[in-house]
Every structure is written in C-alpha cells, then in structure tokens.
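Listed below, chain by chain, are the residues.
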Amino acid sequence: MKTISDQQVIEQIRRQSPWWDGLGGIEPVVANYRRRDYLAPVLALVRDSSLRRAVVLMGPRRVGKTILIQHLIHDLMTSGIAPARIAYVAVDHPVLHGQSLESFVQLIERASPVTAGAERYLFFDEIQYLRDWQQHLKVLVDTRPDLRILVSGSAAAALSRQSRESGAGRFTDFLLPPLTFAEYLSLIQAEPAMRQTGENEYRLIDIDRLNRQFVDYVNYGGYPELALSPEARGNPGRFVRSDIVEKVLLRDLPTLYGITQIQELNALFTLLCYNTGEEVSLDNLSQACGMTKPTVTRYIEFLEAAFLLKRVFRVDQSGRRYQRERSFKIFLSNPAIRTGLYGPVGSDQDVFGHLAETALFAQRFHEDTPLNYAGWSGAEVDMVELSPALKAVAATEIKWNDRYFERPADLVGLLKFCRSNGLAEGWCSTRTRFGERRVGEVEIVYWPTAALAFHFGQRAVRGRVAAFKAKLTAQID
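Residues numbered from 1 in each chain as written. Predicted model: local features only at pLDDT ≥ 70, side-chain atom pairs only at ≥ 80, totals over all residues. Heavy atoms only, no water.

Draft legend 1. Main features of the overall build of the chain. Scanning the chain for helices and strands turns up 20 helices and 16 strands. Radius of gyration (C-alpha) of the chain: 24 Å, near the 23 Å computed for a compact globule of 477 residues. If one aligns the C-alpha atoms of the chain with their principal axes, the spans along those axes are about 75 × 50 × 45 Å. Of all 477 residues assigned to the chain, the portion counted as buried reaches 54%. Relative to all contacts within the chain whose residues are 6 or more apart in sequence, the contacts with residues 24 or more apart total 70%. Carbon and sulfur atoms provide 47% of the accessible area of the chain, an area that totals close to 20,600 Å². When the 58 positive and 55 negative side-chain charges of the chain are each reduced to one mean point, those points stand 2 Å apart. (Helix = DSSP H or I, 4+ residues; strand = E, 2+ residues; numbered from the N terminus. Rg over C-alpha atoms; globule rule 2.2 N^0.38 Å. Buried < 20%, exposed > 50% of the residue type's maximum accessible area, 1.4 Å probe, protein only. Contact = heavy atoms within 4.5 Å. Areas by Shrake-Rupley, 256 points an atom, 1.4 Å probe, with all protein chains shown as cover. Lys, Arg positive; Asp, Glu negative; His and termini not counted. Charge placed at Lys NZ, Arg CZ, Asp CG, Glu CD.)

Draft legend 2. Quick peek at unusual backbone geometry. Located in the positive-phi region is Asp132, a residue other than glycine, with phi close to 55°. Looking at the element boundaries, Asp132 is found in the loop between strand S3 (120–125) and helix H6 (133–143). The exposure class of Asp132 is partly exposed, given its relative accessible area of 41%. Its identity as a non-glycine residue notwithstanding, Ser377 has a phi of 45°, on the positive side.

Draft legend 3. Summary view of the state of the cysteines. Under the defined criterion, the tally for this structure stands at zero disulfides. There is no disulfide at Cys289, and the cysteine sulfur nearest it, in Cys273, is 12 Å away. This cysteine, Cys428, is not joined by any disulfide, and Cys418 carries the nearest cysteine sulfur, 11 Å off. (Disulfide = S-S within 2.5 Å.)

Draft legend 4. Just the sheet that holds strand S9 (residues 309–315), in detail. Taken in spatial order, the nine strands line up as S8-S10-S9-S11-S12-S13-S14-S16-S15 in an open sheet, and their pairing is mixed. Two strands lie at the open edges of the sheet, namely strand S8 (279–281) and strand S15 (435–439), each paired on one side alone. On average, each strand axis in the sheet is tilted by 35° relative to the strand beside it, whichever way the strands run. Taken together, the five bridges between S9 and strand S10 (residues 327–332) define a ladder with antiparallel strand orientation. Note that in S10 the partner of Phe313 across the bridge is Phe328. (Pairing = 2+ DSSP bridges. Axes fitted to C-alpha atoms, helices over the stretch in contact; angles between N-to-C directions.)

Draft legend 5. A look at helix H5 (residues 101–111). Looking at H5, one finds that the buried residues are Leu101, Ser103, Phe104, Val105, Leu107, Ile108 and Ala111. On its buried face, H5 sits against helix H1 (6–16), strand S2 (86–90), S3, H6 and strand S4 (147–153).

Draft legend 6. Spotlight on the sheet that holds S2. The strand order across the open sheet formed by five strands is S2-S3-S4-S1-S5, and the pairing between neighbours is parallel. Each edge of the sheet is formed by a strand with only one pairing partner; in this case those strands are S2 and strand S5 (171–175). Strand-to-strand twist of the sheet, defined as the mean angle between neighbouring strand axes without regard to direction, takes the value 15°.

Draft legend 7. Representation of the pattern of salt bridges in the model. Applying the stated criterion across every chain, the model contains 29 salt bridges. Salt-bridge contacts for Arg35 lead to Asp75; the nearest nitrogen and oxygen are separated by 3.1 Å. Of this pair, Arg35 sits in the loop between helix H2 (28–31) and helix H3 (39–47) while Asp75 sits in helix H4 (residues 65–78), and the two are 40 residues apart along the sequence. Of the charged contacts, one joins Glu367 and Arg459 as a salt bridge, the two residues approaching to 3.6 Å between their closest N and O atoms. With a gap of 92 residues between them, Glu367 in the loop between helix H17 (352–364) and strand S11 (371–376) and Arg459 in helix H20 (residues 449–476) connect regions that are remote in the sequence. Via salt bridges that share partners, Lys329, Glu357, Glu380 and Asp382 belong to a single interconnected network. (Salt bridge = Lys/Arg side-chain N within 4 Å of Asp/Glu carboxyl O.)

Draft legend 8. The environment of Trp427, seen in detail. Mapped onto the secondary structure, Trp427 falls in strand S14 (residues 425–430). Expressed as a C-alpha distance, the spacing of Trp427 and Ala394, which sit 33 residues apart in the sequence, is 8.0 Å. Leave out the neighbours within four places in its chain, and Trp427 touches Ala395, Thr396, Glu397, Leu414, Val445, Trp447 and Leu452.

Draft legend 9. Fine view of the packing of helix H13 (residues 262–274) against helix H14 (residues 282–289). Relative to each other, H13 and H14 sit at 125°, their axes nearing to 10 Å. Considering their axes alone, H13 and H14 lie oblique with respect to each other. Here H13 runs over H14; the crossing is right-handed. From H13, Ala267, Leu268, Leu271 and Leu272 reach across to H14, where they touch Leu285, Ala288 and Cys289. (Parallel < 35°, antiparallel > 145°, perpendicular 65-115°, else oblique. Left-handed = near helix turned anticlockwise from the far one by under 90°.)

Draft legend 10. Spotlight on the side chain of Asp75. When its relative accessible area of 19% is taken as the criterion, Asp75 is described as buried. Residues contacting Asp75, with those up to four places away along its chain left out, are Arg35, Leu39 and Leu43.

Draft legend 11. Structural context of the side chain of Ser429. As for its placement among the helices and strands, Ser429 is situated in strand S14. Relative accessible area serves as the criterion here: at 0%, Ser429 is assigned to the buried category. Within the structure, the side chain of Ser429 is placed 2.8 Å from the backbone nitrogen of Lys399, a separation counted as a polar contact. (Polar contact = N/O pair within 3.5 Å; in protein donor to acceptor, adjacent residues only side chain to side chain.)

Draft legend 12. Here's a closer look at the packing of helix H12 (residues 236–257) against H13. It is at 11 Å that the axes of H12 and H13 come closest, and there the two elements cross at 135°. As the angle between them shows, H12 and H13 are arranged oblique. The chirality of how H12 crosses H13 is right-handed. Contact residues: H12 offers Val245, Leu249, Leu250, Leu253 and Pro254, while H13 offers Ile262, Leu265, Asn266 and Phe269. Residues of the contact of H12 with H13, tallied by class, amount to eight nonpolar, one polar and no charged. (Nonpolar A, V, L, I, M, F, W, Y, C, P; charged D, E, K, R; others polar.)

Structure follows, in structure tokens:
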C-alpha cells in the first residue's frame, strides 16, 4: 500500500505558498478587495513579537477568514517581510491528512530555509481537522519564540472551547462574523445612500436606494464572495448549499460531535431556516421532525456552535425570563442562508418582514448585548435589550411598513412594555419614515429598518474593534 511521502507534503505546501518561488503574492483580485476593519488589530497582534501568543481566528464558513489571512500575508510582504518567512497551509487538503502541527512546522523549515532565529509567520487554515492541535500549538508558543502563528477554523464554539481549555494565556481568540450591512455597502463600493456624520449621527441621502441595497444585503450580503461574485450571486443556492450547508452539516458537525443521523440534522436545519424570525417550541419542532426534544435541543446547540443560527429567548412584560423556556425564536446568523435554500425574496413578499427582522438581529449578534423578545397575553415586542444586571434598557418593534408611524397608539405591546419597565422611549422601525411620536409618557422613535441596520452594523464593528484593541493592550501590559 502506497503512502503519502514527506516530499509530496512539501510540494503541496509550496503550492499553497507560491511566493516562495517568486510567483508573486496573493491573487490580485483578492489583494484589491476592501479590507475589513478587523484586519488592523489582528495584524498588530500577529506582528507583535513581545506578546507570546498565537491567534485563533474563528468564524462560520465562507465568512472571509481565508481572505483576511491573505490580506495579512499581503500586508506582511509589502511591509518588507521576506516571502520565504511566510507560509500558508490549508490543512484540510487530502494530501495533508494525518500530519500534526509540529510536523508541518518541521516540513516548512525543510522546504523554505530561513536564517536560524529569524521570525517566521505561519498561517494554518481549517485547524480543527488536525488532531490535538491545541496541545501542539501550546507547545510551539512555549518553545518557539521565533514563530508567529495564526490558526483558523469554522467550528467556532468547538475551537473556542478547546483554545480556552488548553491554551490559557497563550492563545488570543478572535471571532470573524458575517458582513454587517454597513460593511457590505463598503465592500461592494455602492453609491452612498446614507452616510455617518458623527457619533450616532447620519445623513440619509436616498431612502429608496438604501432600501434596494438593504434588500440585496438580506438576500446576498452576509458572505463576501456572494456579495462580490456575479457567478455566485447568479446561483446562490449552489453557493450556500455546497460551500456552507453541506460542508457544515455533512462534514464539520459529524466530525466534531460524532453525529450519525445527518438527515435528521439537515431536516431540522432546513425547517429552522424557513421559519427564521418566528417563534417556535421544542414540542412543535419535535413533532414536525419526528425527533425527541433532547435531540432537537442538542442539534440546535450544534448549529449555534457552527454560527449558522442563534436562539433568542422570551421575557415577560416586566423583562424577566420565564422559568420554563417553552418557546423561543430562531434567527439565522446571516439571512442570505435562507436565500440559498429557498431562493431570493422580494421586498413586497410577506416573508420579507421576518428576513428584515433577522437582518437586524444579525447586526446585533456582533455585540455581546443580551437580547430577548417579549411576549405575554397576546402582546409582543420584537427586540428587548437587557443590561448586564438583566434590566430592560431598550425595546424595539421591527416593522417593514409605515403603518405605525401614523398610528403609534396601535403599538400596544411596545407601549405596555415601556411603561412596565420605566422606559421613556421605545423604538419602531419603518420602511421609509423617520420621526418621533408621543403617546402619553412614552415617546416612540421611528427609523427606517435599513437605516437602523446600517447604524447597528456600524456601531457593532466599531465596538468590537475597540474591545479587541483594549484586550490586546491589557494582555501586553
């Protein structure tokens, strides 16, 4: 029986790092993509040799982790780092199966000789497919100060848990989320329909154009490749099913969690996608899919671990969690997943309201803010924000129409919730209208849904970048 030789592995590594042979850097089209704001702090961490840590870059599939790595490599080379000191390895390539992290380092050093003691920059993609990667990475951080290492993987929760358990003080985790609406507009270099003019201040230029851009974002915008590639956009179903859903459901989750009933998992996921933004319960999901409630719960946890979706739980009129969680809402982490499975949705279709709500929640998932929805005695509030002390501090009703701008008293649930929790104002999204309306002691603030998504996305990215920089400063100090 033939086995793969070290020389074959070295040849594959060289193919993945073509700059070693003077064949240029990363592909020009990728080099010209707009940089995400997260690039600068991650690059600073990778370059800081005084900080003995490896970077663990996590995130859902096709969200741009590999593009971010390629931008890191490009910026390192353009800053003067010798190409031979930089290596990229996609460890899930069939030729590379069976290797360990340490063996990769040894083979890289054989294939690309560099002066002893010179720093090397090593990037390992899809690290979750290397056995015991976290233990080997810990050893390399402890014993090889000349190596600056970044590893990436798609099963973010599993990676995060493993890195925390095995790499305390040696790894810095960074989660790369899907594109926000604001990032999407920047990436595609759209004609501005809205601009930020100050802290939480904006100038709306053209609401009709902003809404068209928002509809495109809902259908295609969370993934950089789907946003930028006409070919991928022309067949979003193939892109989402083959590159995201099938790889996660058929490979990632079964490998990491030992799932054997893959068709059950797929049936549950497609049902949840179809019902994004709607209230569900374990009872009705169990009956619809023919699975036990513990199995449904476990599968939902796995899908959350892969950052495909997120549960949002219900609070009562006073903002308190129910003791027994009978019902909850499921939101896709990226509404474009539904487009891939069920086709694009027009702005006037009934289901678009749920997708608009999904998009707003998706912007907020970039933050660590506790989010819930409220429901009691037939009344509901779509989005409730809680303080760290679990006190309601904001309430928003999400609408894709202008009806409640002229009839604010009809927002019965929102008004009751604000009064019960001492909130002086509540928010209601619209399709086109800005403004304020007072009903008794409560002021209702109206923003178009697309404008609110733009604001949430801008704020989330700024906040995450600032928090990551502060974390790095604390680690260095």
